Amino acid sequence: MATETGSPQREPTPSGLPALPQKRALEDDHSPAVSSPLNPEVKPAPRVQIQMPEEGQGPIPREKRAKKDSLKKRESKGTAGSVADNNPRATPDRKVQKEFAPGEIAPLRYKLARPKPSDFDQPRGPVFTAHHEVHDPERRTIEFLETSEHVYNKKNFHYTHCIADPAFPSMFYYRQTEPEPYGAHMSFEDTASHIFFDRSGTHVTSNKGFRMARANVAVREGRWYWECKVTQGILKNRGEGDPESHGHVRVGWARREASLDAPVGFDAYSYGIRDVAGQKVHMSRPKDFFPAGEDLREGDVIGIEIQLPSERLHRKVVQGQYNPAVDLADEDNEPGPEAPNIVRDRIPIRFKAHIYFERIDYHTTKELDDLMNPSPMGSSGAAGSSAQPNPHHTHPALRTLPNSHIKVYKNGVLMGTPFTDLLAFLPPASKMVQQPAGRDVLDDGSLGYYPAVSIFRGGAVELNFGPSFWYPPPGLGDGEKQGGEDVEMVDATAPPQPEPQAEPQLQLGGASHKLRPVSDRYSEQIVEDIVYDVIDEVSFWMEDGRKVVDRSGKDDKAGEAPGMVPGGREEIKELVQDD
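In this text the structure is predicted, and so the values were computed from the model without any measurement.

Trainee: Quick question: what am I supposed to make of the sheet that holds strand 5 (residues 186-191) here?
Mentor: With respect to topology, seven strands assemble into an open sheet ordered 5-8-21-10-11-12-13, the strand pairing being antiparallel. Each of the sheet's edge strands pairs with one partner strand only, and the pair in question is strand 5 and strand 13 (285-287). Taking the axes of each pair of neighbouring strands and ignoring which way they run, one obtains an average angle of 30 degrees across the sheet.

Printed below as a string of structure tokens:
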């Protein structure tokens, strides 16, 4: 039966707040009375006035949002800073590392136990074991030896010999030193495995694929020259039944970041010359250089010269302060009092019968990796940029050095200049790995261009760093008396003749513009190491209140010195490396 009662009517939705009573009205700018780590002091937020649409009006138009690009896209355009400045909601820039003024950072100090009596003994070189013999084109017998009982530079670490010295108590008695053989030679530590040397370190060979060895000296400014003779390689006079070659070689210059398990010229950190067709190689791109039909064969001597600007101009380039109109003219003037700020973070370690300084080495950069392997979306943005390496490039690693080049000679004949505008190597163009901000761009004195050779399956070379060369280039040692020259006899009764005035020489980085043998650089490098050790010792002594504080003994009241790495006293660690 149907009822006459109508359907229930819908009640209007309440427009106000519910009628439930509230204990306290909550304000928009409410903040806790007492701040805490979880509730820091909060500034009262401004009240936002909400404008309600009037009756009959449509919805309020939405505010147009500014379009923002991703960080990689902004970096590729080179406008990362401008976007962030104009749009506060844009993707934030990566953290910019703090730039420290020269002298602001000091070397790290470590708490170590007192040296052992054996640490004061003179360092020893590697152990040599006979491996094989070869005969060079002059029918000389060369004995190649396998080196052992020494450390290799690898896994981002660089090693140099050290010795305990009672004259350096503030440095925990350790300073840098050199073992025999003395003089410029190929480094036994700064080389790849399966490379064999003679006892002097000037003959190099390998029975494996391409691998590289660097010398124990680096050049940072000036003009330098060294020679390399091919003792085993492409045959010069090939007879019937003879192989085409006894191996292959490449020679050139390489930086610290260059891979030792690859040939010279493999990456952007080295420049090399191939024996095959005399091609020049950089970033694994061989290009014709020697005339057609020319090779580097057994018995040939290749001379390599490098020219670098002064460190003063070099630092201006990497710091973005280079002005060619002014700085190139200043190269002719005497150098000023400015000196490089060398900071060496190193710690003594033991390896079998040796003791070394261990320090973090320099590593490859994304910019140069992208330059070698260009891609549309380079990780650093450098590959997508049309700007080639130049002194004013936005990336320091892609800046080049003005007036820098490499010249090549073959058997005393200048073949040409295969490479010009060499890449800069001083920080921030080079960076260390696994270092906090600010310490990854330090100069530890090991940066520069090193003489380097690569050998392939039996190839062998002999190195000559001077001062007596097989084919001395023009201008080598001008103005100096060479040994063995005849002495001019004069009449003692004759009136003295005025000495001829020496012509002024163009100055290049404080050293004369003349060409010098790499052997001279070895002596300079030893002096630099001694000076840096003395500076570090005096600096630590001043930090300790101008007195010698026994921090390695049993005096626990000595405390920790400024700049010392926190931690207890530890015995020097023992390093283990696979053979």
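That shown, we press on.
Trainee: Even after reading the chapter, I still don't get the packing of aromatic side chains, so can you show me in this structure?
Mentor: The geometry of an aromatic ring pair is captured by the separation of the ring centres together with the interplanar angle, meaning the angle of the planes. Within this structure, the stated rule accounts for 12 aromatic pairs. Aromatic side chains Phe128 and Phe188 sit 5.6 Å apart centroid to centroid with 80 degrees between the ring planes, which places their arrangement in the edge-to-face category. Pair noted here: Phe128 is in strand 1 (residues 127-135) and Phe188 is in strand 5, with a separation of 60 residues, a long-range link. Judged by its relative accessible area of 21%, Phe128 falls in the partly exposed class. For Phe188, a relative accessible area of 3% gives the class buried. Through pairs of rings, three or more aromatic residues link up here, namely Tyr271, Phe419, Phe425 and Tyr449. The ring of Phe210 has Arg250 sitting right over it, with the charged end atom 4.9 Å from the ring centre. The residue whose ring lies beneath Arg346 is Phe357, and the NZ or CZ to ring-centre distance is 4.0 Å.

Trainee: Teacher, can you tell me more about the layout of surface pockets here?
Mentor: Over the atoms, a rolled probe matching the size of one water molecule traces out where space is still vacant. Within this model, the second largest pocket holds a volume of roughly 770 Å³. Surrounding the second largest pocket, 34 residues form its lining, Tyr152, Lys154, Thr191, Ala192 and Ser193 being those nearest its centre. Elements that contribute at least two residues to the lining of the second largest pocket include exactly strand 2 (141-148), strand 5, strand 6 (195-197) and strand 17 (362-363). Ranked by the residues each element gives to the lining of the second largest pocket, the list is headed by strand 2, at three residues. A per-class count over the lining of the second largest pocket returns nine nonpolar, 12 polar and 13 charged.

Trainee: What is the right way to read the nonpolar core from this model?
Mentor: Generally speaking, soluble globular proteins have nonpolar side chains that are buried together. Ranked by size, the top nonpolar core spans 64 residues in total, and within it Trp226, Trp253 and Tyr449 carry the most contacts. Excluding its chain neighbours within four sequence positions, the residues that come into contact with Tyr449 are Ala218, Val219, Trp253, Ala254, Arg255, Tyr271, Ile306, Leu308, Leu422, Leu423 and Phe425.

Trainee: For this particular structure, what's the right way to read empty space enclosed by the protein?
Mentor: By the definition in use, this model includes two cavities of 30 Å³ or more. As a volume, the largest cavity reaches approximately 460 Å³. Mapped by element, the contributors of at least two residues to the lining of the largest cavity are strand 3 (157-164), strand 5 and helix 6 (518-543). Here the residues of the lining of the largest cavity are counted per class, giving 10 nonpolar, 12 polar and 10 charged. Roughly 170 Å³ of volume is contained in the second largest cavity. Contributing to the lining of the second largest cavity are 16 residues, with Leu108, Met171, Arg346, Phe357 and Phe540 lying nearest its centre.

Conventions we followed
- Residues numbered from 1 in each chain as written.
- Predicted model: local features only at pLDDT ≥ 70, side-chain atom pairs only at ≥ 80, totals over all residues.
- Heavy atoms only, no water.
- Pairing = 2+ DSSP bridges.
- Helix = DSSP H or I, 4+ residues; strand = E, 2+ residues; numbered from the N terminus.
- Axes fitted to C-alpha atoms, helices over the stretch in contact; angles between N-to-C directions.
- Phe/Tyr/Trp six-rings, centres within 6.5 Å; stacked < 30°, edge-to-face > 60°.
- Buried < 20%, exposed > 50% of the residue type's maximum accessible area, 1.4 Å probe, protein only.
- Lys NZ or Arg CZ within 6 Å of the ring centre and 35° of its normal.
- 1 Å grid on protein atoms, 1.4 Å probe; cavity = no way out; pocket = protein on both sides within 12 Å on 5 of 7 lines; lining within 4 Å.
- Points joined across faces, edges and corners; volume = space filled by probe spheres on them.
- Nonpolar A, V, L, I, M, F, W, Y, C, P; charged D, E, K, R; others polar.
- Core = buried A, V, L, I, M, F, W, Y, C linked by side-chain atoms within 4.5 Å.
- Contact = heavy atoms within 4.5 Å.

Remember, this is a structural readout, not a statement about activity or role.
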